[in-house]
Amino acid sequence: FAALDPRRRASARREVRALQREWGLTVLQVTHDFAEAGLLGDVAILLDGGRVLQQGPPDIVFRRPASAYVAEFLGAENVLAGEAKVEGGGWRVEGGGAADELFEFRTGSLTLHAIGDVAPGPAHAVIRAEEITVAREAHPSSARNHFAGTVAEMVPAGALTRVTIDVDGTLFVAAL
């Protein structure tokens, strides 16, 4: 699909997916476009140097990358190294066969709070640019992750603008 314009590319993807489902075909597609793989595939397999880095349903691979390298390969702009610690208090969310806990993630001078299935110790936080909101003034909210920062760079990228924000020496990229 690389040589197609965006409109024809989207149309061709839909047509291939429809034929795949209608005829019950197994299709092997090799691509570097993870959005395309997610639209067409039932299983994503990430390879690097002949090694399988991660495999599974595309949405799971995208939302729960197995490593910082995989997260960056899939286009995550904000991959932070730090330490995860369960906050305690017995707070758990049960469902789907897994229990998620309230935990904190420390990186540099920042502490992030989240809910998830996490093992305490060294870890990486993956925050996608589209999950970050930016405002001139703090808004009242129940969200625990609010930080003051300075806009370091603004880069137009088609319909979006990529904004880099410096928060106590940690750079975050937001897609607005």
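Quick look at the structure, then. This is a predicted model, so every value here is computed, not measured.

So, the nonpolar core
- Counting 15 residues, the largest nonpolar core has Leu80, Phe105, Leu112, Ile127 and Phe172 as its most contacted members.
- Broken down by element, this core gets its largest block of residues, three residues, from strand β9 (residues 160-167).
- Judged by nonpolar contacts, the second largest core, of seven residues, contains Phe34, Ala44, Val61 and Leu74.

Some details on the packing of aromatic side chains
- All told, the structure shown has zero aromatic pairs when counted by the stated rule.
- Above the ring of Phe62, the side-chain terminus of Arg128 is found at 3.7 Å from the ring centroid.

Thoughts on a nonpolar patch on the surface
- Together, Val43, Ile45, Leu47 and Val52 make up an exposed nonpolar region whose accessible area comes to about 390 Å².
- Residue position: Leu47 is located in strand β1 (residues 44-48).
- We classify Leu47 as exposed; its relative accessible area is 55%.

What about the side chain of Thr107?
- In this structure, Thr107 sits in strand β5 (residues 98-107).
- Residue Thr107 is classed as buried on the basis of its relative accessible area of 9%.
- Polar side-chain contacts of Thr107 include one of 2.8 Å to the backbone oxygen of Ala81.
- What Thr107 contacts, discounting residues up to four positions off in sequence, is Leu80, Ala81 and Gly82.

Remarks on the environment of Gln29
- Residue placement: Gln29 occurs in the loop between α1 (6-23) and α2 (34-40).
- Gln29 gets classed as partly exposed once you look at its relative accessible area, which sits at 29%.
- Between the alpha carbons of Gln29 and Gly82 there is a distance of 35 Å; along the sequence they are 53 residues apart.
- For Gln29, the residues in contact, after removing those within four places along its chain, are Phe1, Glu36 and Leu40.
- At a separation of 2.8 Å, a polar atom in the side chain of Gln29 contacts the side chain of Glu36.

Points about the pairing of strand β10 (residues 170-175)
- Counting buried positions over the six residues of β10 gives five, a clear majority of the element.
- Sheet topology note: the β9/β10 ladder contains six bridges and is antiparallel. Bridge pairing in β10 links Asp166 to Leu171.
- Two successive antiparallel strands, β9 and β10, enclose a turn made up of two residues, where Asp168 displays a positive phi of approximately 50°.

Brief notes about unusual backbone geometry
- Here the phi dihedral of Asp168 falls at roughly 50°; this positive angle occurs in a residue that is not glycine.
- Take Asp168: it is sitting in the loop between β9 and β10.
- A residue is classified by how much of its surface remains accessible, and Asp168, at 59% relative accessible area, is exposed.

Comments concerning the side chain of Glu36
- Tracing the sequence through the fold places Glu36 in helix α2.
- Accessibility expressed as a relative area gives 5% for Glu36, which makes it buried.
- Among the polar contacts listed, one links the side chain of Glu36 to the side chain of Arg13, at a separation of 3.2 Å.
- Apart from the residues within four sequence positions on either side, Glu36 is in contact with Phe1, Arg9, Arg13, Gln29 and Thr31.

A look at α1
- When the terminal C-alpha atoms of α1 are compared, their 26 Å separation across 18 residues agrees well with the 26 Å that a helix rising 1.5 Å per residue should span.
- Taken as a whole, α1 has its buried residues at Arg9, Ala12, Arg13, Arg17 and Gln20. One side of α1 holds all its buried residues, which, seen down the axis, span an arc of 130°. Facing away from the buried side of α1, by more than 90 degrees, are the exposed residues Arg7, Arg8, Arg14, Glu22 and Trp23.

Criteria and thresholds
- Residues numbered from 1 in each chain as written.
- Predicted model: local features only at pLDDT ≥ 70, side-chain atom pairs only at ≥ 80, totals over all residues.
- Heavy atoms only, no water.
- Core = buried A, V, L, I, M, F, W, Y, C linked by side-chain atoms within 4.5 Å.
- Buried < 20%, exposed > 50% of the residue type's maximum accessible area, 1.4 Å probe, protein only.
- Helix = DSSP H or I, 4+ residues; strand = E, 2+ residues; numbered from the N terminus.
- Phe/Tyr/Trp six-rings, centres within 6.5 Å; stacked < 30°, edge-to-face > 60°.
- Lys NZ or Arg CZ within 6 Å of the ring centre and 35° of its normal.
- Patch = residues over 30% accessible without salt bridge, like charges linked within 9 Å, V, L, I, M, F, W, Y side chains within 5 Å.
- Areas by Shrake-Rupley, 256 points an atom, 1.4 Å probe, with all protein chains shown as cover.
- Salt bridge = Lys/Arg side-chain N within 4 Å of Asp/Glu carboxyl O.
- Polar contact = N/O pair within 3.5 Å; in protein donor to acceptor, adjacent residues only side chain to side chain.
- Contact = heavy atoms within 4.5 Å.
- Pairing = 2+ DSSP bridges.
- Expected span 1.5 Å × (residues − 1).
- Arc of directions from axis to C-beta.

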